[in-house]
Amino acid sequence: TIINTYAASGNAEIVGKKTINGKSFNDESLKDKFEFTLTESGNKAIKTSEDGKTTKTSLTAKNDASGTFKFAKIYYTLEDVGLHSYEIKETKTAG
């Protein structure tokens, strides 16, 4: 008897950049002033561990001094094959 199995895995790291008209982001005082939330359409669980056992309904990220923000890695397995659509919203702004 021959048993043929196949497994696949991968990950995505979603990165963005905050810009402000008329303002430079090369300023340490703007670090962590903006927060962003990422959700998958349909409020699907987002896998945040390689084994897929840890999930969240959303991820958050804050900007660095250059305006760049990066969410935690999202992990995929063979059961996740297909189109994934994510929405990013700015949820906190500098006060």
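See the structure printed just above.
Residues numbered from 1 in each chain as written. Predicted model: local features only at pLDDT ≥ 70, side-chain atom pairs only at ≥ 80, totals over all residues. Heavy atoms only, no water.

**Student:** Quick question: what am I supposed to make of unusual backbone geometry here?
**Tutor:** Negative phi is the rule for most residues except glycine; trans is the rule for most peptide bonds. At Asp 32, a position not held by glycine, the phi torsion is positive, near 65 degrees. Structurally, Asp 32 is set in the loop between strand 2 (15-17) and strand 3 (35-40). A residue is classified by how much of its surface remains accessible, and Asp 32, at 36% relative accessible area, is partly exposed. Its identity as a non-glycine residue notwithstanding, Asn 43 has a phi of 50 degrees, on the positive side. One can find Asn 43 in the loop between strand 3 and strand 4 (46-47). (Helix = DSSP H or I, 4+ residues; strand = E, 2+ residues; numbered from the N terminus. Buried < 20%, exposed > 50% of the residue type's maximum accessible area, 1.4 Å probe, protein only.)

**Student:** Whenever I open this one, the environment of Asn 26 confuses me. Can you help?
**Tutor:** Following the sequence through the fold, Asn 26 ends up in the loop between strand 2 and strand 3. With 23 residues separating them in the primary sequence, Asn 26 and Ile 3 have C-alpha atoms 57 Å apart.

**Student:** Looking at this structure, I do not really get the pairing of strand 3. What am I missing?
**Tutor:** As a general feature of sheets, a regular strand has side chains that alternate between the two faces. For strand 3 and strand 6 (residues 59-62), the ladder comprises four bridges, and the chain directions are antiparallel. In the strand pairing of strand 6, Phe 36 is matched with Ala 61. Inspection of the sheet shows strand 3 paired to strand 9 (residues 86-92) by six bridges, in the antiparallel sense. Paired with Phe 36 across the bridge in strand 9 is Glu 90. (Pairing = 2+ DSSP bridges.)

**Student:** I'm lost on the sheet that holds strand 6 in this one. Help?
**Tutor:** Sheets are built from strands paired through backbone hydrogen bonds, the pairs being either parallel or antiparallel. The three strands are arranged 6-3-9 in an open sheet whose pairing can be described as antiparallel. Strands at the two margins of the open sheet, each flanked by one partner only, are strand 6 and strand 9. Neighbour-to-neighbour, the strand axes of this sheet turn through a mean angle of 25 degrees, independent of strand direction. (Axes fitted to C-alpha atoms, helices over the stretch in contact; angles between N-to-C directions.)

**Student:** Would you take a moment to explain the nonpolar core for this structure?
**Tutor:** It is characteristic of soluble globular proteins that their nonpolar side chains tend to be buried jointly. Counting residues in each nonpolar core, the largest one holds twelve residues, listed as Phe 25, Leu 30, Phe 34, Phe 36, Leu 38, Ile 46, Leu 59, Ala 61, Phe 69, Phe 71, Ile 74 and Tyr 76. Of all the secondary-structure elements, those providing two or more residues to this core are strand 3, strand 6 and strand 8 (74-77). Setting aside its immediate chain neighbours within four residues, Ile 46 contacts Leu 38, Thr 39, Glu 40, Thr 54, Thr 55, Lys 56, Thr 57, Ser 58, Leu 59 and Ile 74. (Core = buried A, V, L, I, M, F, W, Y, C linked by side-chain atoms within 4.5 Å. Contact = heavy atoms within 4.5 Å.)

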